[in-house]
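Each chain is listed here by its residues.
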Amino acid sequence: MSPIIDIENVTIEYPGNGARVLALDGATLRVDAGETVGLVGESGSGKTTLGLLAGRLLPRSARVTGGQLRIDGQDVLALDDQRLRALRRECLGYIPQDPVAALDPTMRIGRQLELVLHGLPSDTASLRHHLDSVQISEPDRVLRLFPHEISGGMAQRVMIAMAMARTPRLLVADEPTASLDSHVRTEVTKLIFNLAAKAGATVLWLSHDLRSVSRWCERVVVMYGGKVMEDGPAAQVLRHPTHPYTIALAASDPARAEPGQRIGTRPFDPAASGTEMPSAKLAVGGGR
Ligand SMILES: Nc1ncnc2c1ncn2[C@@H]1O[C@H](COP(=O)(O)OP(=O)(O)OP(=O)(O)O)[C@@H](O)[C@H]1O
């Protein structure tokens, strides 16, 4: 059986100020169906870029300059628009970091959910059911509201409902609790993993929160400077890290971490370790 995510040596650049930013620098990752994978790494290490790549959801300015990508066996970079839309619809659920920005400000919540459900039952009872599944109270009222009329936490629950509405095979969640108050983070994290388990979805969980990763993910992948640095069972990677960056990372022991604790840039000094790994590499030669 082919892996659900098969990223091979992918390189992605963004135009920067006079130079290009190498966001992914030969990233390789294989994930089998049913796995729960925590993708961790400091800010700028390439997690979001890799998550967006899975659905070819990258901003227009991004340029894939090398490598191969298969999602659920399909060569995503070669798909035409129609097939790409079908892949996103049939296979992928995506929960973004910023739910409010991801919702269409001009459209009521109910209408946006209806569009996601295209081709599936989308009568009021069905819409209500999807909001119930993410524990939104008064779903009938919420269906009639515009995004600016709901809180950030509610918007994130709406995004979760949309991501799960078509029972995705792969759920990519990009720090979905980062914008939430600490007291609801645990609850929302549990909700997402429970819904994913019920749907039988593979989860790629992009996070700075080591505690949530160690609690919910069976496997941990550590990124640094656009590369995968370490990859293995969560308990092993976090308890017996081998790469200098992961050693520094795991020094902030997840068991002692506060809920929502972010992984900073503090722990690892590449110069001191003798390893050259700037976190966001600048490609030589200026813009393209
Ligand atoms: N739209 C963009 N335009 C230019 N550079 C970008 C863009 N998006 C990301 N980058 C750069 O690409 C590199 C990787 O960023 P990315 O957002 O993938 O990292 P990340 O690990 O997800 O960070 P964070 O944890 O802060 O979300 C960084 O240097 C970032 O500044």
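Residues numbered from 1 in each chain as written. Predicted model: local features only at pLDDT ≥ 70, side-chain atom pairs only at ≥ 80, totals over all residues.

1. Details of the overall build of the protein
Along the backbone of the protein there are 12 helices and 11 strands. Counting only contacts in the protein whose residues sit at least 6 apart along the sequence, the fraction spanning at least 24 positions is 68%. (Helix = DSSP H or I, 4+ residues; strand = E, 2+ residues; numbered from the N terminus. Contact = placed C-beta atoms within 7 Å.)

2. Quick notes on the nonpolar core
One broad rule of soluble globular proteins: the nonpolar side chains tend to lie buried together. Formed by 76 residues in total, the largest nonpolar core has its most connected members in Leu170, Trp205 and Val222. Sequence-distant contacts of Val222, that is, excluding residues within four places in its chain, are made with Val40, Gly41, Met229, Glu230, Val237, His243, Tyr245, Thr246 and Leu249. (Core = buried A, V, L, I, M, F, W, Y, C linked by C-beta atoms within 7 Å. Buried ≥ 20, exposed ≤ 12 C-beta atoms within 10 Å, placed from the backbone.)

3. Description of unusual backbone geometry
Its identity as a non-glycine residue notwithstanding, Asp72 has a phi of 50°, on the positive side. When you line up the elements, Asp72 lands in the loop between strand S4 (63–71) and strand S5 (74–75). By C-beta crowding, Asp72 is classed as partly exposed, having 19 other C-beta atoms within 10 Å. Positive phi, normally seen in glycine, also occurs at Gln135, with a value near 60°. Residue placement: Gln135 occurs in the loop between helix H5 (124–133) and helix H6 (139–143).

4. Quick notes on the environment of Arg111
Here Arg111 is to be found in helix H4 (residues 109–116). Along the chain, Arg111 and Leu127 lie 16 residues apart, while their C-alpha atoms are 9.4 Å from each other.

5. Focus: helix H7 (residues 152–164)
Over its 13 residues, H7 runs 18 Å from end to end, which matches the ideal 18 Å to within 8%, given 1.5 Å per residue. Among the 13 residues that make up H7, 11 are buried, leaving the element largely enclosed by the rest of the structure. Those residues of H7 that sit buried are Met154, Ala155, Gln156, Arg157, Val158, Met159, Ile160, Ala161, Met162, Ala163 and Met164. (Expected span 1.5 Å × (residues − 1).)

6. Here we look at H4
All of the buried residues along H4 are Ile109, Gln112 and Leu113. The arc that holds the buried residues of H4, viewed along the axis, is 100°, so those residues lie on one side. Looking at the buried residues of H4, the elements they touch are H5, H6 and H7. (Arc of directions from axis to C-beta.)

7. Regarding the sheet that holds strand S6 (residues 92–95)
Within a sheet, each strand pairs with its neighbour through backbone hydrogen bonds, oriented either parallel or antiparallel. Taken in spatial order, the 6 strands make up an open sheet running S6-S7-S8-S3-S9-S10, and their pairing is mixed. With one partner strand each, in any of the chains shown, S6 and strand S10 (227–233) form the two edges of the open sheet. Put simply, the sheet's adjacent strands are angled 15° from each other on average, direction ignored. Sheet topology places strand S7 (residues 170–174) next to strand S8 (residues 202–207); 5 bridges connect them, and they run parallel. Each residue of the ladder has a partner; that of Ala173, found in S8, is Trp205. Those strands touched by H7 are S6 and S7, and its axis lies near 170° from that of S6. (Pairing = 2+ DSSP bridges. Axes fitted to C-alpha atoms, helices over the stretch in contact; angles between N-to-C directions.)

8. A closer look at the environment of Val134
As for its position among the elements, Val134 is in the loop between H5 and H6. In this structure Val134 comes out as buried when scored by C-beta crowding, with 22 C-beta atoms within 10 Å. Remark: the alpha-carbon pair of Val134 and Ala161, spanning 27 residues in sequence, is separated by 6.1 Å. Setting aside its immediate chain neighbours within four residues, Val134 contacts Arg157, Ile160, Ala161 and Leu191.

9. Considerations on the pairing of S7
With respect to burial, S7 is a largely interior element, 5 of its 5 residues being buried. Relative to S7, S6 is paired through 4 bridges, and the arrangement is parallel. Following the sheet pairing, Gly93 is matched in S7 by Leu171. In this fold, S7 hands off to helix H8 (residues 182–199), which returns the chain to S8; that crossover is right-handed. (Right-handed = clockwise from strand over helix to strand, strands pointing away.)

10. Here we look at the environment of Ser45
The residue Ser45 is located in the loop between strand S3 (36–40) and helix H1 (47–54) in this model. As for Ser45 and Leu24, which are separated by 21 residues in sequence, their C-alpha atoms are 8.1 Å apart.

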